[in-house]
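The chain contents come next:
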Amino acid sequence: MPPFKLHTPSSLDEAFEIVNILREQNLDYDWVAGGTDLIPNYKWHINTKSNVISLSKIEELHKISKNHIGAMARLYDISQSSEIHPLIAKSASLVASVMIRRSATLGGNICLDTRCFWFNQSEEWRESIDYCHKCDCGTGADCRVIPNQNTLCVATYQADMAPVLMCLGTTIHMSSPEGNRSVPMKDFFKLDGITKNILLEDELVTHITLPDDVFEWEGDYQKLTQRDSWDFPEAGVAVLWKKGIKGPSELRVATTGIESIPRFHSEESQKIIETWSGSDSIEELAESIRKSVKPVLNTWFQPSYRRKMVKVLSRRASKGLLEI
Amino acid sequence: MSNDDEMVGYRQQPGKLPFSRPGSGGKNQFSQLRDIQLIPESQGGKKLQPRGSHRHDELISGTSIGRPTALVDSKWKVTGKANYGDDIRLNNELIGKIVRSPHHYARVLSIDISKAVELEGVIAIATGADAQNSFGVLPVTKDEHAMAIEKVRHKGDLVACVAAIDESTALEAVRLIEVEYEVLDSIHDMRKGLDDSKYPIHDRGQYHIGESNVQKRVFQEFGNISEMVPNSIANHKSNWLFAGVNHGFTEPHAVVANWDPSGRLTLYTPQQVPHYVHRALADVLEIPMHQINVYRTFVGGGFGGKSDPFPHEMCAAILARKSGRPVRITFDREEVFWVNRGRHPSRIEMDIHADSHGRLCGVQTDALIDGGAFASFGHVTTYYNGVLHTAPYELGSFHYTGARVWTNKPASGAMRGHGAVNSRCAVEVGLDDIAEQLSVDPITFRLANLLPPYSATITGFRITSIGMRECLERVKIASDWDNKFRQLPLGHGIGIGCGFFISGSGLPIHWDPNKFPHATVHLKIDMDGGVTIHTGAADIGQGSDTVVAQSVAEVLGLPLDMIRVRSRETDTSPVDLGSYSSRVTFMNANAAISAAMEIRKDLLKAASKITDTEMNKLVIGDRRIFDKKDPAVGVSYLEALHKAQEDRGALTSSGSYRTPPMGRAHKGAAAGLAPAYSFSAYVAEVKVDMETGQTKVLEVWAAHDCGKALNPLSVKGQIIGSCHMGLGQVLSEEMKYGRGGELLNPDLLDYKIPSIHEMPKVNPIIVESNDLEGPFGAKEAGEGPLLPILPAVCNAVYDASGIRVNELPITGDRLYKEIEKKCKKLKINTPLNLPNPSLEHSDLQSILEIRASKHSERDMQRIMAEEKTPYHNGALFGMDPEIPGDEQDSKWEIRVVPDEEYLSNPRLAGSAWRHIERRKREG
Ligand SMILES: Cc1cc2nc3c(=O)[nH]c(=O)nc-3n(C[C@H](O)[C@H](O)[C@H](O)COP(=O)(O)OP(=O)(O)OC[C@H]3O[C@@H](n4cnc5c(N)ncnc54)[C@H](O)[C@@H]3O)c2cc1C
Ligand code: SF4
């Protein structure tokens, strides 16, 4: 593994002091939370930096309550918590494996790097294909998935937590030496596979908050994988609703594992709510979600299959709607 | 309370002498170790012998054989004390790293090491120029070098290596070595390997086949070829595509090389086959074999993937010689995939024909296998893809064409079930289809077509014991087959698959023909009474140390902790050919028994002198030798031992094993010959999610005929482990290549080995056919148990979904594609409405049932008969069983070269025969 200097501040202020010092020295760094994504990437010499600032000693980032989850909350603890919304716990319980969930954090999951067969490889491997646009090592290399464009990375966002959180109306809170800010989770992500999200330089996620009506939402999160353990989502669909008198009064759908950012499908769900008619509507919803996603060939399953499965997952996640 | 009563233990505690005084005979006449349930009926014990007695019966002392036994090295492993390859630490060691090719295929124009040499901490650098001699596991195909001589042949091929004071310096030096290449057109599709090429990947000189990349080709025809199709009423045809798979063992390759001050090399390596490394090192380093000691460390899994001599082993030795310091090279997982030697990606065309009597009148197989960049075991693999599916069934004819081609991929090689797995899967799925076409139960169909015990297969393999029938019958009952097959709802299914595998390759790879034994075991017992076993058999986790210890313990009537196995170093152990082809238990335990019998004779002689009793009246119990009829008359083991040692000192003995002469004479007749064969039948129950195509295996009933379970615990472990490994290949494991031929998943996240969640409940069923030549009746349990799980799952998937798969692994996307196709074809809008396969028996069913039960009687008679009359494949088709088919009927052919007619319209792999070997073209 390439050598780096590890910093372990015990407060946000201290963290930003370290940031300032590093910046003054013109040194680059990464935040590390549980390290289950960052460290493998470092091992593969992917976008390595000379300094790493760990957030693990910062107490305030660890909190879990029904409306507040700190960025450093461990996915294992989230999956076991009885205080938080059960679908958040379910999403967390589906991530990776039990061992990884003990280290993995919510913040790291939300900020997870995008993934691609041509990128998540060792340095020698990437060198053998002359690298690619996302980590080109100064070669100006093209994207290997959609070549001849050289501007866009279509690596896939394969984290599990985002869809349910988006549907629950989560707000994400960020902090930087410049101050704090908050945005709705659904506006947090930003294309392309390199940009990933709106975080600015030196900014980090501190926590998320959930609205007061969170427990009025029910639904399901469905994940497509080869194996029941370890595997990143090849597609993930969350469908959540509030019960109305006949059918849902509100409906939200979000997907992950298919494109470079998770997607909140407000248009498609809005249409269904307006014309709700039971199982036909579910079919229609599932079909419209399928149509709206465009996976590419850079993960385990074929993109055409992943797309078709989005429909099946949407249908299955909507099953509870028929019981209203 | 006095401890005396408990002093029957054998464990030495510090400061105590729990042993009874030498020669005292001990307190208890009989030890608890002598278990009457383990002693055969024929010796007056209670162990039932439904298949008669065995030549080793009188050696059974009831101490160890047949007892579930923890492996003798398990304590090292569970306490973390076992030293694997990378655990070897020698003073002053250097770390070696390898410069690998970034190109699939290229000429190496120049290697500039000048910058790397300058780097502080770099001690030695080596390139192909340092080791010109080639090597390879098979003497006929030595096509590997320590590092590239002229060309690199796949991404990851070795170009140079570096030894430095630490890993980061070595890695930095690797980066500083500049290699100039001329990139050549690479081949990735195995079908392209059949064509002539401008730069064939290897040059075989006068033996080169055309100008192609065909490394080996096989043509075989046996039996009544001309009538197989005319006589058939049911025909199966399927063109299979099998992805390449890797062994996925836990421990990556690692090696340490050290030259001692006397100029001798010791190579520490987790090897399955130390002897072949020993030979290859001598060739490559150009020193005599006696100057080399190969030290086998603990092996963290092999499965065939650690049985070639490897270039990195040569590199370590070369770097250590250059630097004068020990050099350690440890692979990361990606490098494990570069060196590979996993199961060949294969295209198999399988045609099966059955006649109106429900007999298999023909099997025609064409197997094109993708060898990757080197030959490895491929010569043998090419044969095995054919010959290893000529049993357990009686066939009317067998046609096989096989070809192995070089491509610019990491080399394929031997992997658990070597060469037999893919074609077995294709045959067993074909049989399921044939049974369906005939409207009969597939288990009945198999039961009515089995070869009897003590018979010869269509290619002339000598079969001895067969437990196939019992395997089928037992899984049928255990799985509740009759109430499930074709009766479960759509998406839920059950399937059967069988297997047949060699128990030791009859012809040794590297041998002066015939005279040298395959396995040799030395024993030494000094006055302490403990037995030291010297054997070269490589324990790779399969438990060969335990088997050899158990065998000796049994014959000498000793507890296991009085036995110590020294199997690590070629300096001290007699040559053993290694842990491959499921040969170790059969051959090495037989050798150990012979050695132990000598010692036993010495002990009995001594006891006879002391007690004045005739030798043949004495038996060995637990550490005591006594009169069979009057157990009170006897001496302790130590007393007898010390008597035997008079004027002689330590007792030593040597035993060896060599296969009997067998097989026929046609070219290639030796491939697949074995002194015994194992048989197995599995039933798998699966659920297929019809909407996603994802398959989950719920339960497996796995019956395996291992001859005799010397250690039932490890036999069960092998069965369960085989299921896990086979499930990986059938459901999720594949080496995935990108469009440019890049290996996309050289890591354990995307190379998808099943996790505990995918592992179904496996019910191992041990069948003991009591092989007359096997040690105490044993055959093998290491590889054969893998074969049936693949077809059992495929057939269960059919029962569940109505889809006959012909591509592995059956990932969700592959199966879903087929489901979609079928929906489209049948104009059905959702997979949930697809028709569920059903079965209504035809008249043939009862005919087959009657035949099966007659055959069952026939088999039992043959087992119990003192004199085994010959039975050649063909009797089921009305031939005289006592004479080989070709000697009694001109229609029964044996042909190993295609004729013009075949060449005018060859099958895929068969088209390799269109090329003419160079030597046959010239002049
Ligand atoms: C074998 C394996 C299987 C996996 N399977 C899954 C899976 O099924 N589903 C899934 O979702 N993930 C999976 N992962 C990925 C990963 O383990 C999880 O997403 C995990 O939640 C990441 O959290 P972490 O704390 O370990 O992140 P880290 O590795 O510490 O960080 C990940 C990224 O986020 C950044 N980051 C971390 N915290 C913050 C913060 N507070 N503010 C700003 N940036 C931050 C880091 O700089 C880094 O770029 C898998 C990983 C492995 C190794
Ligand atoms: S999508 Fe293209 S640019 Fe992005 S990681 Fe993959 S190959 Fe590289």
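Conventions we followed
Residues numbered from 1 in each chain as written. Chains lettered and ligands numbered in written order. Predicted model: local features only at pLDDT ≥ 70, side-chain atom pairs only at ≥ 80, totals over all residues. Heavy atoms only, no water. Near = heavy atom within 4 Å. Polar contact = N/O pair within 3.5 Å; in protein donor to acceptor, adjacent residues only side chain to side chain. Areas by Shrake-Rupley, 256 points an atom, 1.4 Å probe, with all protein chains shown as cover. Helix = DSSP H or I, 4+ residues; strand = E, 2+ residues; numbered from the N terminus. Nonpolar A, V, L, I, M, F, W, Y, C, P; charged D, E, K, R; others polar. Domains from an automatic or database assignment. Axes fitted to C-alpha atoms, helices over the stretch in contact; angles between N-to-C directions. Parallel < 35°, antiparallel > 145°, perpendicular 65-115°, else oblique. Left-handed = near helix turned anticlockwise from the far one by under 90°. Contact = heavy atoms within 4.5 Å. Buried < 20%, exposed > 50% of the residue type's maximum accessible area, 1.4 Å probe, protein only. pLDDT = per-residue confidence, 0-100. Core = buried A, V, L, I, M, F, W, Y, C linked by side-chain atoms within 4.5 Å. Expected span 1.5 Å × (residues − 1). Salt bridge = Lys/Arg side-chain N within 4 Å of Asp/Glu carboxyl O.

Caption draft 1: Representation of the site of ligand 1. Residues and elements named next belong to chain A. In the vicinity of ligand 1, 33 residues are found, and the nearest of them are W31, G34, G35, T36 and T105. G35 places a main-chain nitrogen or oxygen 2.6 Å from an oxygen atom of ligand 1. In the model, an oxygen atom of ligand 1 is placed 2.9 Å from a nitrogen or oxygen of the N109 side chain. If ligand 1 stood free it would expose 970 Å²; the protein chains cover 93% of that surface. Counting only elements with at least two residues in the shell around ligand 1, the list comes to strand 2 (29-32), helix 6 (106-110) and strand 7 (204-209). Of the residues forming the shell around ligand 1, the biggest block, three residues, is contributed by helix 6. Per-class residue counts for the shell around ligand 1 are 21 nonpolar, eight polar and four charged. Both of domain 1 (1-57) and domain 2 (220-323) provide at least three residues apiece to the shell around ligand 1.

Caption draft 2: Examining the packing of helix 15 (residues 712-732) of chain B against helix 16 (residues 789-801) of chain B more closely. Residues and elements named next belong to chain B. Close contact between helix 15 and helix 16 brings their axes to 8 Å; oriented N to C, the two are set at 50°. As the angle between them shows, helix 15 and helix 16 are arranged oblique. The chirality of how helix 15 crosses helix 16 is right-handed. Together, S722, C723, G726, L727, Q729, V730 and L731 of helix 15 and I789, L790, V793 and C794 of helix 16 make up the contact between the two elements. Residues that form the contact of helix 15 with helix 16 fall into these classes: eight nonpolar, three polar and no charged.

Caption draft 3: The side chain of A:Q158, seen in detail. All names here are of chain A. Examined against the element boundaries, Q158 turns out to sit in the loop between helix 7 (123-128) and helix 8 (162-167). Among the residues examined, Q158 registers a relative accessible area of 5% and is labelled buried. Among the polar contacts listed, one links the side chain of Q158 to the backbone oxygen of P233, at a separation of 2.8 Å. Residue contacts for Q158: discarding those within four places in its chain leaves L112, R115, F232, P233, E234, G257 and T299.

Caption draft 4: The confidence of the model for chain B, seen in detail. Taken residue by residue, chain B gives an average pLDDT of 94. The fraction at 70 or more is 96%. Contacts from residues 1-31 of chain B, a stretch scored under 50 in pLDDT, to residues over four places away or in other chains number 41 contacts.

Caption draft 5: Quick peek at the site of ligand 2. Around ligand 2, a shell composed of A:C116, A:W118, A:F119, A:C132, A:H133, A:K134, A:C143, A:R144, A:V145, A:C153, A:V154 and A:A155 is seen. In terms of residue class, the shell around ligand 2 is built from nine nonpolar, one polar and two charged.

Caption draft 6: A look at the nonpolar core. Residues and elements named next belong to chain B. Counting 145 residues, the largest nonpolar core has W240 and V793 as the members making the most contacts within it. Both domain 2 (88-184 + 252-301 + 306-339) and domain 3 (346-506 + 665-895) contribute no fewer than three residues apiece to this core. Excluding residues that lie within four positions of it along the chain, W240 makes contacts with S346, R347, I348, C425, A426, V429, C794, V805, N806, E807 and L808. Among the nonpolar cores identified, the runner-up in size contains 49 residues, and F586, I620, L641 and L710 belong to it.

Caption draft 7: A look at helix 5 (residues 311-323) of chain B. Residues and elements named next belong to chain B. For helix 5, spanning 13 residues, the distance from its first C-alpha to its last is 18 Å, which sits close to the expected 18 Å at 1.5 Å a residue. The buried fraction of helix 5 amounts to eleven of the 13 residues, a majority that puts the element mostly inside the structure. Taken as a whole, helix 5 has its buried residues at P311, H312, E313, M314, C315, A316, A317, I318, L319, A320 and S323. Just past helix 5, the residue G324 takes up positive phi, approximately 70°.

Caption draft 8: Quick peek at the pattern of salt bridges. Using the criterion set out here, one finds 84 salt bridges over all chains in the structure. Two residues, B:E807 and B:R814, come together in a salt bridge whose shortest N-O distance is 2.9 Å. One network of salt bridges, in which partners are shared, links A:E283, A:E287, A:R290, A:K311, A:R315, A:R316, B:D689 and B:E691.

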